[in-house]
Amino acid sequence: MEQQAKKKQGLPILDYVGICITVFLLGYILVFASLNLSIFNPLKQALEDFKMTDVYFELMRSGDEKELNKDIILVDVTKLTTRDSIAQAIVDVNSCDPKVMLIDLIFERPSFDQIDDISLVSAIELSKDKSILSSKLTDYNPETKAFTNLTRSFFHEISNFRWAYSNVDQTRPGGCIRQYSLSQNLNDTLSYSMAYLAACAYTDVEPQKKNVDQRLIVYGDTDFLAIPFDKILDNKNLLKDKLVIIGTLEEEADMHITPVGKLPGMKILAYSTLTYMNHKEISSMSKGTSLCLAFLVCLLCAWAGQILRKKYANLTSYILKLFYFAVTAFIVWMAFIAFVHFDYDADLLYPLLSLALVEEGRLQYSSLIKTLCKHTKWKFIKKSIYNEE
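My aim in this report is to walk through the structure given alongside it, one point at a time. In this text the structure is predicted, and so the values were computed from the model without any measurement. (Residues numbered from 1 in each chain as written. Predicted model: local features only at pLDDT ≥ 70, side-chain atom pairs only at ≥ 80, totals over all residues. Heavy atoms only, no water.)

### Quick notes on the overall build of the protein
Across its full length, the protein carries 13 helices and 15 strands. Taking the contacts inside the protein whose residues are at least 6 apart along the sequence as the reference set, 76% of them involve residues at least 24 apart. When the accessible surface of the protein is summed, it comes to about 21,700 Å², and 56% of that surface belongs to carbon and sulfur atoms. (Helix = DSSP H or I, 4+ residues; strand = E, 2+ residues; numbered from the N terminus. Contact = heavy atoms within 4.5 Å. Areas by Shrake-Rupley, 256 points an atom, 1.4 Å probe, with all protein chains shown as cover.)

### So, the nonpolar core
Counting residues in each nonpolar core, the largest one holds 73 residues, and the members touching the most others are Ile 72, Leu 102, Ile 132, Tyr 219, Ile 245 and Leu 348. What Ile 245 contacts, discounting residues up to four positions off in sequence, is Ile 72, Ile 73, Leu 74, Val 75, Leu 102, Asp 104, Met 266, Leu 269 and Ala 270. Of all hydrophobic cores here, the second largest spans 27 residues; its members include Val 77, Leu 105, Phe 107 and Ile 227. (Core = buried A, V, L, I, M, F, W, Y, C linked by side-chain atoms within 4.5 Å. Buried < 20%, exposed > 50% of the residue type's maximum accessible area, 1.4 Å probe, protein only.)

### Section: empty space enclosed by the protein
For the coordinates displayed, the defined rule picks out one cavity of 30 Å³ or more. When its residues are assigned to classes, the lining of the largest cavity shows three nonpolar, two polar and three charged. (1 Å grid on protein atoms, 1.4 Å probe; cavity = no way out; pocket = protein on both sides within 12 Å on 5 of 7 lines; lining within 4 Å. Points joined across faces, edges and corners; volume = space filled by probe spheres on them. Nonpolar A, V, L, I, M, F, W, Y, C, P; charged D, E, K, R; others polar.)

### Concerning the packing of helix 5 (residues 83-95) against helix 6 (residues 114-126)
Contact geometry for helix 5 and helix 6: axes closest at 8 Å, N-to-C directions at 20°. What the angle tells us is that helix 5 and helix 6 run roughly parallel. Helix 5 and helix 6 meet at a crossing whose hand is left-handed. Every residue of helix 6 that contacts helix 5 at Arg 83, Asp 84, Ile 86, Ala 87, Ile 90, Val 91 and Asn 94 is listed here: Asp 116, Asp 117, Ser 119, Leu 120, Ala 123, Ile 124 and Leu 126. The class makeup of the residues in the contact of helix 5 with helix 6 is eight nonpolar, two polar and four charged. (Axes fitted to C-alpha atoms, helices over the stretch in contact; angles between N-to-C directions. Parallel < 35°, antiparallel > 145°, perpendicular 65-115°, else oblique. Left-handed = near helix turned anticlockwise from the far one by under 90°.)

### With respect to the packing of helix 10 (residues 287-311) against helix 12 (residues 349-375)
In contact at an axis separation of 8 Å, helix 10 and helix 12 are set at 35° when each is read in the N-to-C sense. Both helix 10 and helix 12 take part in a crossing whose hand is right-handed. Only Tyr 350, Pro 351, Ser 354, Leu 355, Val 358, Glu 359 and Arg 362 of helix 12 make contact with helix 10, whose side of the interface consists of Lys 287, Ser 290, Leu 291, Leu 293, Ala 294, Val 297, Cys 298, Cys 301, Ala 302, Gly 305, Gln 306 and Arg 309. Counted by class, the contact of helix 10 with helix 12 contains eleven nonpolar, four polar and four charged residues.

### Here's the deal with a nonpolar patch on the surface
Together, Leu 300, Trp 303 and Ile 307 give the surface a local cluster of nonpolar side chains, amounting to about 280 Å² of exposed area. Mapped onto the elements of the fold, Ile 307 is located in helix 10. When its relative accessible area of 38% is taken as the criterion, Ile 307 is described as partly exposed. (Patch = residues over 30% accessible without salt bridge, like charges linked within 9 Å, V, L, I, M, F, W, Y side chains within 5 Å. Salt bridge = Lys/Arg side-chain N within 4 Å of Asp/Glu carboxyl O.)

### Focus on the side chain of Asp 223
Mapped onto the elements of the fold, Asp 223 is located in strand 10 (residues 222-228). Of the polar contacts made by the side chain of Asp 223, one reaches the side chain of Lys 267; its length is 2.9 Å. Ignoring anything within four residues of it in the chain, the contact list for Asp 223 reads Lys 66, Glu 67, Leu 68, Asn 69, Lys 267 and Tyr 271. (Polar contact = N/O pair within 3.5 Å; in protein donor to acceptor, adjacent residues only side chain to side chain.)

### Some remarks on helix 10
When the terminal C-alpha atoms of helix 10 are compared, their 36 Å separation across 25 residues agrees well with the 36 Å that a helix rising 1.5 Å per residue should span. The complete set of buried residues in helix 10 reads Ser 290, Ala 294, Val 297, Cys 298, Cys 301, Ala 302, Ala 304, Gly 305, Gln 306 and Leu 308. (Expected span 1.5 Å × (residues − 1).)

### Looking at unusual backbone geometry
When glycine is set aside, most residues are seen to have a negative phi, and most peptide bonds are trans. We note that Asp 241 has phi near 65°; this positive angle belongs to a residue other than glycine. On the secondary structure map, Asp 241 appears in the loop between helix 8 (236-239) and strand 11 (243-247). Look at Asp 241 and you get partly exposed, because its relative accessible area is 43%. In this structure, Asp 343 is a non-glycine residue whose phi angle is positive, near 50°.

### So, the packing of aromatic side chains
By the definition in use, this model includes 16 aromatic pairs. Centre to centre, the rings of Phe 155 and Phe 161 are 5.6 Å apart; their planes meet at 80°, and the pair counts as edge-to-face. When its relative accessible area of 1% is taken as the criterion, Phe 155 is described as buried. Site record: aromatic cluster; members linked through ring pairs are Tyr 56, Phe 57, Tyr 219, Phe 224, Tyr 271, Trp 333, Phe 336 and Phe 339. The positively charged end of Lys 99 is found above the aromatic ring belonging to Tyr 202, 5.6 Å away from the centroid. (Phe/Tyr/Trp six-rings, centres within 6.5 Å; stacked < 30°, edge-to-face > 60°. Lys NZ or Arg CZ within 6 Å of the ring centre and 35° of its normal.)

The following block contains the structure:
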């Protein structure tokens, strides 16, 4: 027996690597099944929707009170039903002398009442030097990777207004909104997003041609002061020199699912703008790095799990659960620190998936070793720590 133990000494690393390979094969089967079998659609959606940043935002917002941002103010015009009243709200905000004013409203067609339209256009014309108006990119062409049409308010040809798109990015219709973009291709030109253009205008930076990649929205531990349309002039000091967004906070058609619950489009725009001002660019972990991390985590757990099994034979089940919980908590906490302090988004899907499959991988690997020991005479198989002969 002692001689057999010596033969196996130094070889466990091969078994641990074998467990890792088994875990990766099991993970591949799960992913393959979720992508190709309709019965696994819920799993596919779960994998697509899995983002560790959702956990980070919950941790960041876990406090009872959220700090109100001092740069961005929201003006709610949900209850205004006429363009004349909306025009008055715009005039009131402009009289408070904000630094930048975002009008997150699109008036696609002229009204039946020309007087209302005249009032609206006059109000916007009066404030156009500090205003950014909302538009919507439509008809995306995947071949050219560009949008082909732009929807703007009916008065877009009257004057040289500043326009920016307010499109939200969803992985699928009705999906969770986690990302925004700085710019998108519109035929042969580049169109800026409202969030990016607003951040540039507020920080006195000239907008640059940026790539069209999606960027993460940080739904942090901050909220925004919302002023109703009839209290604008009462809060003149709060609006002065601020970035003011005029839009609807209670319009159900403009409510969207986010990692922190349902939010109106105006708040998502505010968070997107604040994200660019505070986090110019958040680096994301590549898939290759995530897989390497998963392999290292799997290797560590394969080794530590075997030691714990031997040391606590009578309490194996409980000890392993505590161990895997501690490893998971440590990995998530380190990723959270990296995100908050270093603007680095670690993709933990593969590491956590491998962590969950380690014991199943160990079981399948040990069964394979026992089977091979019975039907083959390979010496390296005989030296495995899972060979019970």
